[in-house]
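# Structural overview for review
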Amino acid sequence: MVTPLAARAATRMSLSTLGFVQYIGPTIMLFLSVFMFKESASPILLVGFALIWIALVVYAAASVRGAKLAKAN
């Protein structure tokens, strides 16, 4: 269920920022389950998680670099 404040905030963000922010919720849930509730996480799950975040970092870096180049021109 989307709250009215979240819906309003989402309309003010770019789609790439909104997509990136949507990875935060599952990340917090994974950290809580592993570190706070001591649930086990398989190595395959952790490798997949790491690969997704590496891809997000590469995408964010490319976006920042592209914005800087566009601003310079």
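Quick summary incoming for the structure in this document. (Residues numbered from 1 in each chain as written. Predicted model: local features only at pLDDT ≥ 70, side-chain atom pairs only at ≥ 80, totals over all residues. Heavy atoms only, no water.)

Before going further, it helps to examine the side chain of Ser-33. Along the chain, Ser-33 turns up in helix α3 (residues 24-36). With a relative accessible area of 17%, Ser-33 lands in the buried category. The residues touching Ser-33, leaving out its near neighbours within four places in the chain, are Lys-38 and Glu-39. (Helix = DSSP H or I, 4+ residues; strand = E, 2+ residues; numbered from the N terminus. Buried < 20%, exposed > 50% of the residue type's maximum accessible area, 1.4 Å probe, protein only. Contact = heavy atoms within 4.5 Å.)

Our focus in this paragraph is the packing of aromatic side chains. Within the structure shown, the criterion is met by four aromatic pairs. Taking 5.7 Å as the distance between ring centres and 85 degrees as the angle between the ring planes, the aromatic pair formed by Phe-20 and Trp-53 counts as edge-to-face. Taken together, the positions of Phe-20 in helix α2 (residues 15-21) and Trp-53 in helix α4 (residues 43-72) put the pair 33 residues apart, joining distant regions of the chain. Aromatic pair Phe-31 and Phe-49: ring centres 5.9 Å apart, planes at 75 degrees, arrangement edge-to-face. One end of the pair, Phe-31, is in helix α3; the other, Phe-49, is in helix α4, with 18 residues separating them in the sequence. Given the relative accessible area of 41%, Phe-31 is considered partly exposed. Assessed through its relative accessible area of 22%, Phe-49 is described here as partly exposed. Through a chain of ring-to-ring contacts, three or more aromatic side chains come together here, namely Phe-20, Tyr-23 and Trp-53. (Phe/Tyr/Trp six-rings, centres within 6.5 Å; stacked < 30°, edge-to-face > 60°.)

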